[in-house]
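# Coordinates in review
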Amino acid sequence: MARFVLLALLVGMLLSACAELALEAIGLTGGAAELARVGLAPGALPGHLRLGAWLLDAAAMTVLVLLLTGRTGRWWLEGLAAGLLAWIYRGPLTVLSALAAARLPLEPFWRAARASLIVLPLLGLVLAALARRMLGEPWD
């Protein structure tokens, strides 16, 4: 179990980093123009905070995958469910919180939420496949 958790954290961090870089490259994370209109000038996170964010993402997805492993007997369904559960909190609830707390424009946050609707279920699928491979079937 400890080997799986360590490997899942590393794989999760790597996939989160690659996804963030890919989304930045195709322009799905940008929102500086919308935020500049309300007087905000967002910048890049410092490296240690970015690394911490990737670690938190990986840890949360690892826990969700472990909680759902063996519930349905279909690893892909469990991974997809873990990713969609993570997206609910990372996507719409985060957008609503930003809008309610700071009265910021919707678009840059909603764009990031839509992008994470692709990334988080994929991450869940990869970690569920890894769990199936390393931990085996829970009823074996």
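A brief report on the enclosed structure follows. (Residues numbered from 1 in each chain as written. Predicted model: local features only at pLDDT ≥ 70, side-chain atom pairs only at ≥ 80, totals over all residues. Heavy atoms only, no water.)

Attention now moves to the overall build of the chain. Scanning the chain for helices and strands turns up six helices and zero strands. If you list the helices and strands of the chain from N to C, you get α-α-α-α-α-α. The buried share among the 140 residues of the chain stands at 29%. Put simply, 78% of the contacts in the chain that link residues at least 6 apart link residues at least 24 apart. Of the roughly 8500 Å² of accessible surface on the chain, a fraction of 71% belongs to carbon and sulfur atoms. (Helix = DSSP H or I, 4+ residues; strand = E, 2+ residues; numbered from the N terminus. Buried < 20%, exposed > 50% of the residue type's maximum accessible area, 1.4 Å probe, protein only. Contact = heavy atoms within 4.5 Å. Areas by Shrake-Rupley, 256 points an atom, 1.4 Å probe, with all protein chains shown as cover.)

Between its first and last C-alpha, helix H4 (residues 75–90) extends 22 Å over 16 residues, near the 22 Å set by a 1.5 Å rise per residue. Listed in full, the buried residues belonging to H4 are Glu-78, Gly-79, Ala-82, Gly-83, Ala-86 and Trp-87. Looking at the buried positions of H4, the neighbouring elements they touch are helix H3 (47–68), helix H5 (92–102) and helix H6 (107–135). (Expected span 1.5 Å × (residues − 1).)

So, about the nonpolar core. Soluble globular proteins tend to bury their nonpolar side chains together. The biggest cluster of nonpolar side chains holds 13 residues, and the ones touching the most others in it are Phe-4, Ala-8, Met-61, Val-65, Leu-127 and Leu-130. Only helix H1 (2–26), H3, H4 and H6 provide two or more residues apiece to this core. Other than its neighbours up to four places away in sequence, Met-61 contacts Ala-82, Gly-83, Ala-86, Leu-120, Leu-123, Gly-124 and Leu-127. (Core = buried A, V, L, I, M, F, W, Y, C linked by side-chain atoms within 4.5 Å.)

What follows covers the environment of Leu-106. As for its position among the elements, Leu-106 is in the loop between H5 and H6. Relative accessible area serves as the criterion here: at 42%, Leu-106 is assigned to the partly exposed category. Taking C-alpha positions, Leu-106 is 7.3 Å from Val-95, a pair spaced 11 residues apart along the chain. If near-sequence neighbours (up to four positions away) are discounted, Leu-106 is found in contact with Val-95 and Leu-99.

Looking now at the side chain of Thr-62. Residue placement: Thr-62 occurs in helix H3. Among residues more than four places away in sequence, those in contact with Thr-62 are Phe-4, Val-5, Ala-8, Leu-9 and Leu-127.

In this fold, Ser-16 is placed in helix H1. Classification of Ser-16 by relative accessible area gives buried; the value is 9%. If sequence neighbours within four positions are ignored, Ser-16 has contacts with Trp-54, Asp-57 and Leu-123.

All right, on to the environment of Leu-96 then. Within the element layout of this structure, Leu-96 appears in helix H5. Residue class for Leu-96 comes out exposed when judged on its relative accessible area of 53%. Counting along the chain gives 14 residues from Leu-96 to Trp-110, while the straight-line C-alpha distance between them is 9.3 Å.

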